[in-house]
Amino acid sequence: PRPRSAFRGQVVDLSGRALPDVKVSWGKGGCLTDEDGCFAGSISDDETDVPDDASRAESLGSASSCSTVVSFSYDGFAPMSAHAQCSPGGPEASLSVTLRPISASTVLDISKGGSVVDKATGSSVIVPPNALSYPDGSPVEGPVTVSLSVIDVTDPAALASMPGDFSA
């Protein structure tokens, strides 16, 4: 059997405080962070995002890396995902994750639409009636929870907690 690829990291809030009991999930695995916000995991070849031809190249002796999406969720905080880039049998990938609190949330009847407003910043999201659909194009029906977490792009800590990298 080929070696498993490993990753580990820590989850903190915007002020750098460790967050215990954050749900961490990936491929076929998952765990909760410990009291210091730390977690560790490993993945096998069948759980990676590496294309089959790259796996074949690795079996022929060339070095390869693997990638998996690691997701983080914690009550009262916006969910976050990060890519763990691992090397089978190599050093562990290290992830530093910052979760940001949800600043406003509401449940909308999607057939009527509505809005959610962050009173502290004045930022808002307006959802028109029947404006949401699933990736397959089918309409979303019933109640929908809309949550808002405003990111100040001039604040380095806020940018560190942003789920993305400004690329399209």
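Residues numbered from 1 in each chain as written. Predicted model: local features only at pLDDT ≥ 70, side-chain atom pairs only at ≥ 80, totals over all residues. Heavy atoms only, no water.

A. Structural view of the sheet that holds strand 2 (residues 23–26). Spatially, four strands are ordered 3-2-5-6 in an open sheet, and the strand pairing comes out antiparallel. Edge positions in the sheet fall to strand 3 (29–32) and strand 6 (80–86), since each has one partner strand and no second. Neighbour-to-neighbour, the strand axes of the sheet open up by a mean angle of 20 degrees, direction not taken into account. Pairing of strand 2 with strand 3, which is carried by four bridges, proceeds in the antiparallel orientation. The partner of lysine 23 across the bridge, within strand 3, is leucine 32. (Pairing = 2+ DSSP bridges. Helix = DSSP H or I, 4+ residues; strand = E, 2+ residues; numbered from the N terminus. Axes fitted to C-alpha atoms, helices over the stretch in contact; angles between N-to-C directions.)

B. Spatial organisation of the environment of glutamate 35. Considering the arrangement of structural elements, one finds glutamate 35 in the loop between strand 3 and strand 4 (38–43). In sequence terms glutamate 35 and proline 20 are 15 residues apart; their C-alpha atoms lie 4.6 Å from each other. Those residues in contact with glutamate 35 that sit more than four places away from it in its chain are Ala18 and Pro20. (Contact = heavy atoms within 4.5 Å.)

C. Representation of the pairing of strand 11 (residues 143–148). Every second residue of strand 11 is oriented toward a common face, the buried set being Val144, Val146 and Leu148 and the non-buried set Pro143, Thr145 and Ser147. As defined by bridge partners, strand 8 (residues 104–109) adjoins strand 11 across six bridges and the pair is classed as antiparallel. By the bridge assignment, serine 105 is partnered in strand 11 with serine 147. (Buried < 20%, exposed > 50% of the residue type's maximum accessible area, 1.4 Å probe, protein only.)

D. Representation of the nonpolar core within the structure. By size, the foremost hydrophobic cluster in this structure holds 20 residues, and its most contacted members are Phe7, Val11, Val70, Phe72, Leu95 and Leu99. Elements that contribute at least two residues to this core include exactly strand 1 (5–12), strand 2, strand 4, strand 5 (66–73), strand 6 and strand 7 (93–98). The element contributing the most residues to this core is strand 6, with four residues. Excluding its chain neighbours within four sequence positions, the residues that come into contact with leucine 95 are Arg8, Gly9, Gln10, Phe39, Val70, Phe72, Ala82, His83 and Ala84. By size, the runner-up hydrophobic cluster in this structure holds nine residues, among which are Ala104, Leu108, Val116 and Val127. (Core = buried A, V, L, I, M, F, W, Y, C linked by side-chain atoms within 4.5 Å.)

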